[in-house]
There are 2 protein chains.
Amino acid sequence: MPAPVDPDHRRRKIADIASDIISRKGLDAVTIREVAAAAGYSTTIVTHYFANKRALLLCTYQAAALNAQRRTETVLAKDAGDLQGYFEALLPIDAVSLRDWRVYFAFWQLAAIDPEFAEEQTRWMLHARHAIAGVLEARSRTDRALPSAPLTGLAKRLFTLLQGIAVQAVFDPHEWSAEQQRSFLADELRTILQTDRPSKARSE
Amino acid sequence: MPAPVDPDHRRRKIADIASDIISRKGLDAVTIREVAAAAGYSTTIVTHYFANKRALLLCTYQAAALNAQRRTETVLAKDAGDLQGYFEALLPIDAVSLRDWRVYFAFWQLAAIDPEFAEEQTRWMLHARHAIAGVLEARSRTDRALPSAPLTGLAKRLFTLLQGIAVQAVFDPHEWSAEQQRSFLADELRTILQTDRPSKARSE
């Protein structure tokens, strides 16, 4: 008797292979045929899980975002208020996170013109800002210098910082080595945490 | 006698049409055939100027970056130290600049995996940081609160801010309306200009 098929496992495997292809050869190189060959599946199996390239890309993007989220969860399990560690887990400072960012860029290109993908991207951005606010909240319990006011504005500023660093670092490892990303991040975190303006209206 | 052909005019026209297609339908929709049809040229004329899609995309990217640069020059011609105006000219706050950002995203996806495109992107980022340092320098002549120390570190922080806002605003016009982009920018500019740390080593 053949082993039972685990559909979630297959979907994850296919998305993982698509991530590899995107991050090495770009979105154009992702075809159902190539993904099937790399997975050792027939194209029929791949199309069973993903009706088209669009569905495959959406799942690949979600898988990359979940990878990144798992890295942050590992950091926060040790210290729920570790802002620096949280952002380091997201920045493109090693091969694993760089692969995620390449998948994001492939997705963004479509999200910039596709309302459904833009909505998915907006949902992840909101999710990230909430997660950052959660880290700030945890930190505020031990760090008295943090403002106790609503943390959504501060989270938005920190998320903007993350995005701003990452979209440069992906292209320019000379100016933005892992060490430079960490040090720039640390300086900015210090500055932003000292200068939040909770009285200004910056609600979501 | 037919009118003499202006090759630069044709190249610009073709790049402009490619920008429109990218920003409405995405990179996949850009084909030599479609661009030729929209321009009223034969495909032979288009391939005379652009050997392939790669060459066309590189020129389209450069055209978008030059469009943005021209908008900043218009602002700086009135006030060479107008930081807020400079960044507003670059942010995706209207249809024209949003089109540029959509072209950037299409280009980034390739630059993330292509050394030649990454180099082009790195060159433009360096150019932008120098331009920002120039605006800071002009502003420092009238604004005594600005640090007189090397402005490259400050320019890097401001460029990071610009990128961080833009990559959210393209997807999420609800959270990042033109007004919200301007106001977030103004708040951050005020904070960053007050808190530069010229003593820290952040040279290029």
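Residues numbered from 1 in each chain as written. Chains lettered and ligands numbered in written order. Predicted model: local features only at pLDDT ≥ 70, side-chain atom pairs only at ≥ 80, totals over all residues. Heavy atoms only, no water.

**Side note on the relation of the copies chain B and chain A**
Part 1 of the reasoning: Overlaying chain B on chain A yields an RMSD of 0.0 Å, the required transformation being a rotation through 180 degrees with an accompanying axial translation of 0.0 Å. Put plainly, the chains are arranged around a two-fold axis. Minimal C-alpha separation from the rotation axis in chain B is found for Gly164 of chain B, amounting to 1.9 Å. (Least-squares fit on C-alpha atoms with pLDDT ≥ 70 in both.)

**Looking at the interface of chain B and chain A**
Part 1 of the reasoning: Counting from both sides, the interface comprises 44 residues of chain B and, opposite them, 44 residues of chain A.
Part 2 of the reasoning: Interface area for chain B against chain A, summed over the two sides, is near 3,900 Å², with a carbon-plus-sulfur share of 57%.
Part 3 of the reasoning: Arg157 of chain B serves as the salt-bridge partner of Glu188 of chain A, at 2.5 Å between the closest nitrogen and oxygen.
Part 4 of the reasoning: Across the chain B-chain A interface, the total number found is 14 residue pairs in polar contact (both at pLDDT 80 or more).
Part 5 of the reasoning: At the level of secondary structure, the elements contributing two or more residues to the side of chain B that touches chain A comprise helix H1 (7-25), helix H6 (95-111), helix H7 (115-140), helix H8 (152-169) and helix H9 (178-194) of chain B.
Part 6 of the reasoning: At ten residues, H8 of chain B tops the list of elements feeding residues into the side of chain B that touches chain A.
Part 7 of the reasoning: Its residues assigned to classes, the side of chain B that touches chain A comprises 18 nonpolar, eleven polar and 15 charged. (Contact = heavy atoms within 4.5 Å. Buried area = accessible area lost by both parts, 1.4 Å probe. Salt bridge = Lys/Arg side-chain N within 4 Å of Asp/Glu carboxyl O. Polar contact = N/O pair within 3.5 Å; in protein donor to acceptor, adjacent residues only side chain to side chain. Helix = DSSP H or I, 4+ residues; strand = E, 2+ residues; numbered from the N terminus. Nonpolar A, V, L, I, M, F, W, Y, C, P; charged D, E, K, R; others polar.)

**Comments concerning the packing of H1 of chain B against H6 of chain B**
Residue and element names in this part refer to chain B.
Part 1 of the reasoning: Between H1 and H6, the shortest axis-to-axis distance is 9 Å and the interhelical angle comes to 85 degrees. Here H1 lies roughly perpendicular to H6, going by the angle between them. Contacts between H1 and H6 pair Asp16, Ser19, Asp20, Ile22 and Ser23 from the former with Arg99, Arg102, Val103 and Ala106 from the latter.
Part 2 of the reasoning: Within the contact of H1 with H6, the residues separate by chemical class into three nonpolar, two polar and four charged. (Axes fitted to C-alpha atoms, helices over the stretch in contact; angles between N-to-C directions. Parallel < 35°, antiparallel > 145°, perpendicular 65-115°, else oblique.)

**Considerations on the environment of Glu137 of chain B**
Part 1 of the reasoning: Mapped onto the fold, Glu137 of chain B is located in helix H7.
Part 2 of the reasoning: For the pair Glu137 of chain B and Ala80 of chain B, spaced 57 residues apart in sequence, the C-alpha separation works out to 9.0 Å.

**Focus on the nonpolar core**
Part 1 of the reasoning: By size, the foremost hydrophobic cluster in this structure holds 136 residues, and its most contacted members are Trp108 and Leu136 of chain A together with Trp108 and Leu136 of chain B.
Part 2 of the reasoning: Discounting chain neighbours no more than four positions away, the residues touching Leu136 of chain A are Leu83, Leu146, Leu151, Leu154, Ala155, Leu158 and Leu193 of chain A. (Core = buried A, V, L, I, M, F, W, Y, C linked by side-chain atoms within 4.5 Å. Buried < 20%, exposed > 50% of the residue type's maximum accessible area, 1.4 Å probe, protein only.)

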